[in-house]
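# Tertiary structure, described
The lines below spell out each chain.
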Amino acid sequence: MSELPELQPMRLPDDSFGRLQRQPDGPAPAASGAPTSAEVAASSGSTPSTSTAAQTGSTPPSTPAPLTAPLASIDRPTLFVNREQSWLAFNRRVLEEAQDASNPLLERVKFLAIASTNLDEFFEIRVAGVMELVDAGLQGENPDGIKPQEELERIRADAQTFTAAMHRTWREQLVPELAKAGIEFRPIRQLSQAQQKWVDGWFHREIYPILTPLAVDPAHPFPVLLNKSLNLAVLLLDPRQARRTLRMAVVQVPRTLPRIRKLPEIEGQRAFVFTADVVRENLRELFPGLEVVHASTFRVTRDSNLDVDEVQTTDLMSSIEKELVKRRRGEPIRLEIDNGAHPDVVERFTRALNLEPDDVYFCDGPVNLGRIMELYQTTEQPELKDPPVQPRRVWSWGSADEMFADLREGDILLHHPYESFTTVEDFIRFAARDPKVQAIKQTIYRAGSKNPLVEALIEAAQQKKQVTAIVELKARFDEEANIQWARRMEQAGVHVVYGIVGLKTHAKCTLVVRREDDGSLRRYCHLGTGNYNPSTARLYTDIGLLTARADIGEEVAETFNMITGYSRVPQMEHLLVAPFTLRDKVLQLIRNEIEHKKAGRPAGIKAKLNNLADAQVILALYEASRAGVRIELCVRSVCCLRPGLPGLSDQISVVAIVDRFLEHSRVYYFENAGNPLVYLSSADWMARNLDRRVEVAAPILDPELKKRVVDEVLGAALRDNVKGRRVLASGASERIVRADAEPALRSQQALLEMTMKQPESTPEGSVSEPQKRRKKKKR
């Protein structure tokens, strides 16, 4: 280690934002005109012709192909937005909600925490994957055709400016506003004497006993730092030695400790402190006899992709468990560290972790902004949060016979979180306890740590019913919980299946087989867009369909048999199942709309998706736009399609919504010459969903329910002019600016208010409007 140099803070340029998304906060002005193909290519970082010339040495054409040319002759970066930069644009929309002063203050804190944890997962999975491609010299599968090295450079640049923007939001906007609301964060040395005394006592009672200082020298190798663990890098001097040589140590802040501590009110004063600051202020206790010269907080983000060969392994569960242990110590991909970190610390860490200088992210504030979610969760100031929501229980039953009778009368549509997920829980619970039910089958993707639906499956198996659970062990970041549930279900006698080798099972399906009073067997099904998880059902927008239609039930049964056995999916009349029929059918439905338009029949396409990144689907939508088919899309996150380009996509508009609930429902709508086809689905229009997952899209056949989906799910989202953003051809987005006389429509709030007007249904006799209508039909 070198002699002690002068400590110079290392700061990033105070840039406003990355190349892809440079625009002011708040409402953006309307686009002044559609960009040309050259401008679109330039917005992605480089012109495609220049990029090609640099690699081949050939002379680039003077102008790119016009947007009216055949699609095969247009450069790929002109046709497609880069997936990773589109995701960063989505996360910027999340950050904008933290910057939006119209949101309650603690909701803004929540959005900042979400933006930070989103970015963590982006690095752990997506950036790690790009770095692996670079190291291996492989091309990757990006529709835009950008080389991985160039893509990595763009990601790093945009992520640097995004990180700086997150910290500015915290430091310059949220911290001052929180202080006004009585939530004041103070440096330890600015606390009163009484507060400092309390903090000192808390440190010695609760923190000091569980801290472990780790020396870093030839006798103590560089420690293995767990993924995203918060640590302090400490530089020390021994005053007894004549040579003033710096020593280094690392102190991990235990994850068992809260990251934020509210101090008790002392002498009329209240304050909050960060636990890392308390540890930093007391480092001398860990290194007696040494002088603490410098300390900076940092954390390392590691590659969290699982590497499991499903073909070679004989025990998938054990293989995944081993990979989960490795995940905590995967390859380093990012170092976050205090803005004023000593250069010796930064240099030592980048060398030890084998990182590039561009992989270092300097933080002017808390290193882990995701943990400020604790502030939202623990602060009891309801005036600083959105009003609580109690989902409406629109359907309820006193017995299994009553429930199954209602389902035989007609389909039931549920729109979560506005309508209670308890109805789905009742469906599984009644089925588990009904002696007439012979079998239950269900897919499980993200079950969570507590789940009454899985408990009901266990109860059903204990009652000697035939119960099958298809558990996806590779559901990212839910692997451990799913493994625990799989073990419990196996012990109870549930047939647990892990899906098809090489495919994730992402479909959301439940099948109940019941012996009716006449001796016949009848199937009852639930098909949905969201997970069988009551916790996320209160936070995500999703739709589900309960049905007793025989034709749908037969196709759901065939789908389960395909997953658990060796059979391929037969040709079906209703369900679209990936990776077998969903892609081809979606492409055919788009082509059908083109033919309808050419023939003068009503034509149009609407869809609500989480992500749109599949090249074939995007090209088909471009062809439909060129044919004059109106296409309206609501895409929450990644959108690789470039909307609004004359001659290419001028009939396509894309909006994105970020609001208090995560937009998660997926719906496809095809006008079909005036006889609309409407599907709910578990699948986005991405290659992974269409080719590498088991997914199901199911039609809404009941005319009233179809209208509900078109009006409530699609219509409200596409008209949202409060939380909706218009996605631009560049991949960036802008807030929608309402005309002077245009009424404001915040889709989620409107749906909440509409649902809350309905009377609740209870097993004790109170009946909701849908159940009243059903009872009238029976009479």
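Please refer to the structure placed before this passage.
Residues numbered from 1 in each chain as written. Predicted model: local features only at pLDDT ≥ 70, side-chain atom pairs only at ≥ 80, totals over all residues. Heavy atoms only, no water.

## A few points about the nonpolar core
Core analysis: the biggest nonpolar cluster contains 91 residues, and Leu612, Leu621, Tyr668 and Trp685 have the highest contact counts within it. Among the elements that make up this core, the one with the highest residue count is helix H5 (residues 105-136) (14 residues). Contacts of tryptophan 685, omitting those with residues within four sequence positions, involve Val586, Ala607, Leu609, Asn611, Leu612, Ala613, Asp614, Val617, Leu621, Tyr668 and Phe670. One finds Leu407, Trp485, Ala486 and Tyr524 within the second-largest nonpolar core, a separate group that totals 44 residues. (Core = buried A, V, L, I, M, F, W, Y, C linked by side-chain atoms within 4.5 Å. Buried < 20%, exposed > 50% of the residue type's maximum accessible area, 1.4 Å probe, protein only. Helix = DSSP H or I, 4+ residues; strand = E, 2+ residues; numbered from the N terminus. Contact = heavy atoms within 4.5 Å.)

## A few points about unusual backbone geometry
In this structure, the amide linkage connecting histidine 416 to the following residue, proline 417, adopts the cis form with an omega of 0 degrees. For proline 417, the position within the fold is in the loop between strand S9 (412-416) and helix H13 (422-433). Cis geometry is found at the peptide bond from alanine 578 to proline 579, where omega equals 5 degrees. Despite not being glycine, asparagine 354 shows a phi value in the positive range, around 60 degrees. Among the secondary structure elements, asparagine 354 is positioned in the loop between helix H10 (343-353) and strand S8 (360-363). Of note in this structure, asparagine 672 is not a glycine but carries a positive phi near 55 degrees. Mapped onto the elements, asparagine 672 comes out in the loop between strand S22 (667-670) and strand S23 (677-681).

## Details of helix H18 (residues 615-626)
Taking 1.5 Å as the rise per residue, H18 with twelve residues should run 16 Å; its terminal C-alpha atoms sit 17 Å apart, in good agreement. Residues of H18 that are buried: Val617, Ile618, Ala620, Leu621, Tyr622, Ala624 and Ser625. The N-cap of H18, judged by a side-chain oxygen 3.2 Å from the amide nitrogen of glutamine 616 a few residues on, is aspartate 614. Just downstream of H18, glycine 628 is the residue with a positive phi angle, here 95 degrees. (Expected span 1.5 Å × (residues − 1). Polar contact = N/O pair within 3.5 Å; in protein donor to acceptor, adjacent residues only side chain to side chain.)

## Observations concerning the pattern of salt bridges
All told, the structure shown has 49 salt bridges when counted by the stated rule. Between aspartate 100 and arginine 735 there is a salt bridge; the shortest N-O distance is 3.5 Å. Of this pair, aspartate 100 sits in the loop between helix H4 (83-99) and H5 while arginine 735 sits in strand S26 (residues 733-735); the two residues are 635 residues apart in sequence, bridging distant segments of the chain. Notably, a salt bridge pairs glutamate 663 with lysine 608, separated by 2.8 Å at the nearest N-O pair. Here glutamate 663, found in strand S21 (residues 662-663), pairs with lysine 608, found in strand S18 (residues 605-609); they are 55 residues apart in sequence, far enough to count as distant. (Salt bridge = Lys/Arg side-chain N within 4 Å of Asp/Glu carboxyl O.)

## Some words on the pairing of strand S7 (residues 332-338)
Burial analysis of S7 places seven of its seven residues in the buried class, which makes it a mostly covered element. Examined bridge by bridge, strand S6 (residues 291-302) and S7 share five bridges and lie antiparallel to one another. Pairing of valine 300 across the sheet is with leucine 335, part of S7. Relative to S8, S7 runs parallel, the two sharing four bridges. Considered in S8, the bridge of aspartate 338 is made with cysteine 363. Crossover connection from S7 via H10 to parallel S8: handedness right-handed. (Pairing = 2+ DSSP bridges. Right-handed = clockwise from strand over helix to strand, strands pointing away.)

## Some details on the pairing of strand S2 (residues 231-237)
Within S2, seven of the seven residues are buried, which leaves the element mostly enclosed by the surrounding structure. In S2, alternate side chains face the same way, and those of Asn231, Ala233, Leu235 and Leu237 on one face and Leu232, Val234 and Leu236 on the other are all buried. As paired strands, S2 and S6 are joined by seven bridges and run antiparallel to one another. The residue of S6 that forms the bridge with leucine 237 is glutamate 291.

## Description of the side chain of asparagine 451
In this fold, asparagine 451 is placed in the loop between strand S10 (437-444) and helix H14 (452-462). Using a relative accessible area of 3% as the deciding quantity, one classes asparagine 451 as buried. Only 2.9 Å separates the side chain of asparagine 451 from the backbone oxygen of alanine 447, close enough to count as a polar contact. A distance of 2.9 Å separates the side chain of asparagine 451 from the backbone nitrogen of leucine 453, its partner in a polar contact. Dropping the residues within four chain positions of it, asparagine 451 is found in contact with Trp485, Tyr532, Asn533 and Pro534.

Take it as geometry only, folks, not as evidence of what the structure does.
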